[in-house]
Amino acid sequence: MKIQTISWTGQSVERVEDAALLTGRGRFVDDLGTRPGTLQAAILRSPHAHADILGIDITAAAAMPGVVAVITGRDLAKLTAPMVAGLKVAVENWPMAVERARYVGEPVAIVVAQDRYLAEDAVDAVEVEYSALPCVVDTLATLEPDAPLLHERAGANLVSDRHFRYGDPEAAFAKAEHQVSVSIAYPRNTGAPMETFGVVAEYDPDEDAYDILANFQGPFSIHAVLARCLKVPGNRLRLRMPPDSGGSFGVKQGVAPYAVLIGIAARIAGRPVKWIEDRLEHLGAAVAATNRVTTLKAAVTAEGRITALDWDQVEDCGAYPRAPEPATLYRMHGNMTGAYDIRNLAIRNRVVLTNKAPTGLVRGFGGPQVYYALERLMQRISVELGLDPLKVIRANLIPFGAFPYRTASGALYDSGDYVQAFDLALAEGRLAELEARRDAARAAGRRYGIGFAAAVEPSVSNMGYITTVLTAAERKKAGPKNGAQATATVSLDPVGSVSVHVASVPQGQGHRTVLAQVVADVFGLSHHDVRIVADLDTGKDAWSIASGNYSSRFAAAVAGTAHLAATRLRDKLGLIAASQLGADPGQIGFAGGAVFAKGQPDKTIPFGRVAALSHWSPALLPAGIDQAIRETAFWTPPELSAPSEDDQVNSSLCHGFIFDMAGVEVEPGSGKVRIDRYVTMHDCGRILHPGMVDGQIRGGFAQALGATFYEELAYAADGAFLTGTFADYLLPTATETPDIDILHIETPSPFTPLGAKGVGEGNCMSTPVCLANAVADALGVAQLDLPLTPARVAALVAAPEPSLPASHRTAAKTAVTAKPGDRALRGEGQAKVAAGPDAVWAMLLDVDTLASIIPGCHGVKKLSDTHFKADVTLGVGPVKGRYKAEIKLSNLVAPQAATLTGSVSGALGTGGGSGRVMLSPGEGGGTLIAYTYEAAVGGKVAAIGGRLLDGAAKAIIGQFFAALARKASPSRPGFFARLLRRHA
């Protein structure tokens, strides 16, 4: 009998996940059944960026049909503790606002009802009295001594300031022939997965235990944070994940606070509670990547060799330093010299708080911010020193013979041949052809540029890197943190079938396919014979704090651990088979679904028979084998140690290499950037599934395209969130995403069981700066801030505008113009009313008249002759809600003019402004009313209906004066009276 050996690992076999996902049979959190009686939750969120909560009236909401509970921050505080932060700072990090709201979108109350519709209606009935406070949203402005303070007990908005020094950077800068620097303001963006957050929670009062289903991705160090927040031991918090997740890109670690909120809602309501986040909630209040302000300086020789780097990074973590932050700032700490051999390094890391949503992990976290600064610096060195950019990169790359290579700040780069990858990319990427295209385009007067970027892609994070934010003394007191524990269980059932379970829930990466390939190779089976269970339950599955699907750890750590578990179980089966076959254990082989003695074809047993023996005939097991039914492996690499006394840290286990080059053409008139060619070279160690690796690269490229040209989570100066829909937060589609050339070399990692490294985040790190360098080359500009929108690029291209003629300068100074990102509504107009000025003046001060002419008014209350309150319903585009309005009159000149100042607030947002109304006699005894106004809005109205506001404001004001004109006009005969008069 001839046994055929097939190796599945390394082949692009068909993905087993796709059939279910493409036919709508995926099992996402919202697809899974819930217990009878499960309630639905809706969340009321703050329309203010910074405001004290003076009171919350839930009376009307609680009395509405179907409403079971209304929960406020004070209710939450009685049953929970603040969430632990990654920093030693006096900040109470509650999952919901308690006494004060600190960002637009912060939860203020939760309504639990029989269904989501009733809950949403009741949210509108909750009345919150706020006292607005000054806010700060700018990363550097929050450092100013007079900046509004977010947390009084912290004493400042600067919550961490650490200095690091490796080598002798001062001496290197003193000796430098040149010094080159860049300043970068990296914007906020997010992963925007198709599926938003989802939580289903249940509380058992007898056990004082929580059972929470959530599409959480890890790291499971957050499990300890949640248990402490809920005031229960870890074994009384069961956290379950669904089998499928509709994308994450790092974002779904941010579901953690909502697991607490919905858990408490279930406890108070006494029944299971479900909550599914909507898109506005997700964009405005889920998880954003940090925006960072960086100043980076280099000491450089005349030949372009860098001898030292000096980093100054200011990290904006939003309103709260929510765990695992400041992970984004410190994940790359060991990699701050990138792919370059630089031995002298200075770093200053500051963490600040602003009135924006808290940040978290977004695909590539830390990498885009670091490499945008570092690779822009490399391009500036070549420009300022008049050198070929490729020569500058080559002169600084780590040489092949240096691996494993220890960086100045402590990372241990496992393997690589950066120079070979660089040379192959230039040759196989056809650089010469690209340069010829550039030269031809420039000769024709077009703006064409070529950009390059080199990056080291870290994967399998060291759980101790985050503690680098603490001093050595603080770390010693807290105890060492390190490692990257991965777990996998391989089991055999009574008929010999193989199942694999891992503590990593897929979000589209293809876990089931790759794990089946890896384990099938160990047992000599077809990959179709191995079943993968990918959902996770902390109540019964093997897991550790590093468990989860993040930091590109699947191929290197999770699949490798599954290989280890399968190998241990196979070795046991080998001893059993040797005993059954009367063969030497060293001669036992596994292939083609059989177990056999090598070189003895008559000694063969079907795999299923050997695999089932522990179930059916345990007495036949050879000595030393207790069972061969299940094997669970826990693996952590010894290379990941805790930070040293001098703050060196190997922040990740594996380090892939990327070299990208791009040719782009800029259209000067429109500012549109066309990608002519994009080449990306990758070394991700051993490739387990080539098709999926290329898929990860293409996905990372598409996401990076968004970060480069489209995406920014924008806030106004008053903290209002401006990009609450995909009409304002733009994402690239297939139409905007060009094909790319993908190249590979393989230098297997000596630190992982399979030699694999991560590959899922690299282009999120390398692509934005590669494209920016190409645009800079095309336009000859030094400063480029993302996103490179057409308007921003066109402004870089445009020549200075000619000065205005003297006759126009005065008008230009007084003209009202909107600022970028400003939501101010400004306008003016006129209306004619048949009544005289005295009558119109009296009408404007009459409560009943105002109630009848204000659009959507439900009633007006007169507090004084010049002070009124009203209850109104207003709509802007898709947003419609009820508001409390307050109006004051001042600067009265009866019956000629008055200034109106007003404000509105409601569940959908806030608004305020002022206007001047002027009355003058008109023709025929009537009145000409002239008015000007200026107003601003915030909250959900600004986030969703922002682009419709100007037209809506004009329409509402027009309706007001039209109603006033009708009210003031003499009574008009009815239709039949006019008809009879016509025929009389």
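Residues numbered from 1 in each chain as written. Predicted model: local features only at pLDDT ≥ 70, side-chain atom pairs only at ≥ 80, totals over all residues. Heavy atoms only, no water.

### Quick look at the overall build of the chain
- Within the chain, the secondary structure is distributed over 26 helices and 36 strands.
- Since a compact globule built from 984 residues should have a radius of gyration of about 30 Å, the 33 Å found for the chain is in line with a globular shape.
- Among the 984 residues that make up the chain, the fraction classed as buried is 58%.
- Looking at the chain alone, contacts between residues at least 24 apart form 77% of all its contacts between residues at least 6 apart.
- Here the chain contributes 93 positively and 99 negatively charged side chains, and the mean placements of these two sets differ by 3 Å. (Helix = DSSP H or I, 4+ residues; strand = E, 2+ residues; numbered from the N terminus. Rg over C-alpha atoms; globule rule 2.2 N^0.38 Å. Buried < 20%, exposed > 50% of the residue type's maximum accessible area, 1.4 Å probe, protein only. Contact = heavy atoms within 4.5 Å. Lys, Arg positive; Asp, Glu negative; His and termini not counted. Charge placed at Lys NZ, Arg CZ, Asp CG, Glu CD.)

### Describing a positive patch on the surface
- A contiguous patch of positive charge on the surface is contributed by Lys88, Arg228, Lys477 and Lys481.
- Position of Lys477 among the secondary structure elements: in helix α14 (residues 472–478). (Patch = residues over 30% accessible without salt bridge, like charges linked within 9 Å, V, L, I, M, F, W, Y side chains within 5 Å. Areas by Shrake-Rupley, 256 points an atom, 1.4 Å probe, with all protein chains shown as cover. Salt bridge = Lys/Arg side-chain N within 4 Å of Asp/Glu carboxyl O.)

### Overview of the sheet that holds strand β21 (residues 530–533)
- In space, the 4 strands of this open sheet follow the order β21-β20-β19-β26, with mixed pairing throughout. Across the chains shown, the open sheet's two edge strands, defined by having one partner strand only, are β21 and β26 (630–635). Strand-to-strand twist of the sheet, defined as the mean angle between neighbouring strand axes without regard to direction, takes the value 20°.
- Here strand β19 (residues 486–492) runs beside strand β20 (residues 498–502); their pairing, made up of 5 bridges, is antiparallel. Considered in β20, the bridge of Val490 is made with Val500.
- Running over the sheet, helix α15 (residues 511–523) touches β19, β20 and β21 and is turned about 135° from β21. (Pairing = 2+ DSSP bridges. Axes fitted to C-alpha atoms, helices over the stretch in contact; angles between N-to-C directions.)

### A look at the packing of helix α18 (residues 690–709) against helix α19 (residues 762–779)
- Across the interface, α18 lies against α19 with an axial gap of 8 Å and an inter-helix angle of 45°. Of the possible angle classes, the one that applies to α18 and α19 is oblique. Crossing geometry of α18 relative to α19 is assigned as right-handed. Of the residues in α19, those touching α18 at Ile697, Gly700, Phe701, Gln703, Ala704, Leu705, Ala707, Thr708 and Phe709 are Asn763, Cys764, Thr767, Pro768 and Leu771. (Parallel < 35°, antiparallel > 145°, perpendicular 65-115°, else oblique. Left-handed = near helix turned anticlockwise from the far one by under 90°.)

### Looking at the pattern of salt bridges
- For the coordinates displayed, the defined rule picks out 43 salt bridges.
- With a closest N to O distance of 2.6 Å, Lys274 and Asp30 form a salt bridge. Of this pair, Lys274 sits in strand β12 (residues 273–276) while Asp30 sits in the loop between α1 (18–22) and β1 (39–45), and the two are 244 residues apart along the sequence.
- A salt bridge links Arg292 to Glu315, with the nearest nitrogen and oxygen atoms 2.5 Å apart.

### Some thoughts on the side chain of Thr561
- Within the secondary structure, Thr561 is located in helix α16 (residues 554–581).
- The exposure class assigned to Thr561 is buried, which follows from its relative accessible area of 0%.
- Apart from residues lying up to four places away in sequence, Thr561 is in contact with Ala486, Thr487, Ala488, Ala633 and Trp635.

### As for the UniProt feature "domain: Aldehyde oxidase/xanthine dehydrogenase a/b hammerhead" (unreviewed entry) in the chain
- Per the UniProt record, the feature "domain: Aldehyde oxidase/xanthine dehydrogenase a/b hammerhead" (unreviewed entry) sits at residues 23–134.
- Secondary structure across residues 23–134 comprises 19% helix and 31% strand; the distance between its end C-alpha atoms is 51 Å. (UniProt positions renumbered as here; feature names shortened; annotations may be inferred.)

### Structural notes on the packing of aromatic side chains
- Applying the stated criterion to the full structure yields 18 aromatic pairs.
- The interplanar angle of 80° and the centroid separation of 6.4 Å between the aromatic rings of Tyr103 and Tyr320 together place this pair among those described as edge-to-face. Here Tyr103, found in the loop between β4 (100–101) and β5 (107–113), pairs with Tyr320, found in the loop between β14 (306–316) and α9 (327–330); they are 217 residues apart in sequence, far enough to count as distant. Residue Tyr103 shares its accessibility class with Tyr320, and that shared class is buried.
- One aromatic cluster in this structure is built from Phe197, Tyr258 and Trp275. (Phe/Tyr/Trp six-rings, centres within 6.5 Å; stacked < 30°, edge-to-face > 60°.)

### Things to note about the packing of helix α6 (residues 221–230) against helix α7 (residues 256–269)
- At a minimum axis separation of 10 Å, α6 and α7 run at an interaxial angle of 35°. Relative to α7, the crossing made by α6 is right-handed. For the pair α6 and α7, contact is made by Ile222, Leu226, Cys229 and Leu230 and by Ala256, Ala259, Val260 and Ile264, respectively.
- Of the residues contributing to the contact of α6 with α7, the split by class is 8 nonpolar, no polar and no charged. (Nonpolar A, V, L, I, M, F, W, Y, C, P; charged D, E, K, R; others polar.)

### A few points about unusual backbone geometry
- Residue Pro326 is reached from Glu325 by a cis peptide bond, and omega for that bond is 10°.
- Note that Pro326 resides in the loop between β14 and α9.
- Residue Pro787 is bonded to the preceding Leu786 through a cis peptide linkage, with omega at -10°.
- Tracing the backbone through its elements, the reader meets Pro787 in the loop between α19 and α20 (790–797).
- Even without glycine at this site, Glu99 takes up a positive phi of about 75°.
- Accessibility expressed as a relative area gives 40% for Glu99, which makes it partly exposed.
- If you check the backbone angles, Asn891 has positive phi at about 50° while not being a glycine.
- Inspection of the secondary structure puts Asn891 in strand β33 (residues 879–893).
- Here Asn891 falls in the exposed class, since its relative accessible area comes to 53%.

### Focus on empty space enclosed by the protein
- Taken as a whole and assessed by the stated rule, the structure comprises 4 cavities of 30 Å³ or more.
- For the second largest cavity, the calculated volume is near 160 Å³.
- Counting residues per element, the ones that place at least two in the lining of the second largest cavity are α10 (367–385) and α18.
- Top element by residues in the lining of the second largest cavity is α18. It accounts for 3 residues. (1 Å grid on protein atoms, 1.4 Å probe; cavity = no way out; pocket = protein on both sides within 12 Å on 5 of 7 lines; lining within 4 Å. Points joined across faces, edges and corners; volume = space filled by probe spheres on them.)

### Comments concerning the pairing of β12
- In terms of strand pairing, β1 meets β12 through 2 bridges, oriented parallel. Following the sheet pairing, Gln40 is matched in β12 by Lys274.
- As paired strands, strand β9 (residues 198–204) and β12 are joined by 4 bridges and run antiparallel to one another. For Ala201, the partnering residue across the bridge sits in β12 and is Val273.

### Thoughts on the environment of Asp739
- Topologically, Asp739 is positioned in the loop between α18 and β29 (741–744).
- It is 9.6 Å that separates the C-alpha atoms of Asp739 and Val679, two residues lying 60 residues apart in sequence.
- A polar atom in the side chain of Asp739 sits 2.7 Å from the side chain of Arg698. (Polar contact = N/O pair within 3.5 Å; in protein donor to acceptor, adjacent residues only side chain to side chain.)

### Overview of the nonpolar core
- By size, the foremost hydrophobic cluster in this structure holds 176 residues, and its most contacted members are Ile212, Leu309, Trp311 and Phe659.
- If near-sequence neighbours (up to four positions away) are discounted, Phe659 is found in contact with Leu390, Ile393, Phe422, Ala425, Leu426, Phe452, Ala453, Ala454, Val679, Thr680 and Met681.
- Ranked by size, the runner-up nonpolar core spans 50 residues in total, among them Leu492, Val518, Ala633 and Leu688. (Core = buried A, V, L, I, M, F, W, Y, C linked by side-chain atoms within 4.5 Å.)

### Describing the environment of Leu573
- Relative to the helices and strands, Leu573 resides in helix α16.
- Along the sequence, Leu573 and Leu76 sit 497 residues apart, while their C-alpha atoms lie 54 Å from each other.
- The residues contacting Leu573, other than those within four sequence positions of it, are Leu492, Phe523, Phe590, Phe607, Val610, Ala611 and Ala628.

### A look at the state of the cysteines
- Per the stated rule, a full pass over the model turns up 0 disulfides.
- Just so you know, Cys135 is unpaired, no disulfide at all, and the nearest cysteine sulfur is the one on Cys317, 18 Å from it.
- Looking at Cys770, it has no disulfide partner, and the nearest cysteine sulfur is the one in Cys764, 14 Å off.
- Residue class for Cys770 comes out buried when judged on its relative accessible area of 0%. (Disulfide = S-S within 2.5 Å.)

### Quick notes on the sheet that holds strand β13 (residues 291–300)
- Read from one edge to the other, the open sheet built from 5 strands follows the order β7-β15-β14-β13-β8, with strand pairing classed as mixed. Looking at strand neighbours, the two that pair on one side only are β7 (158–166) and β8 (178–186), the edges of this open sheet. For this sheet the average axis-to-axis angle between neighbouring strands, irrespective of direction, equals 10°.
- Note: β7 against strand β15 (residues 345–352), 8 bridges, orientation antiparallel. Each bridged residue has a counterpart across the sheet, and for Arg165 the counterpart in β15 is Ala346.
- Relative to β8, α10 is tilted by about 140°, and along the sheet it contacts β8, β13 and β14.

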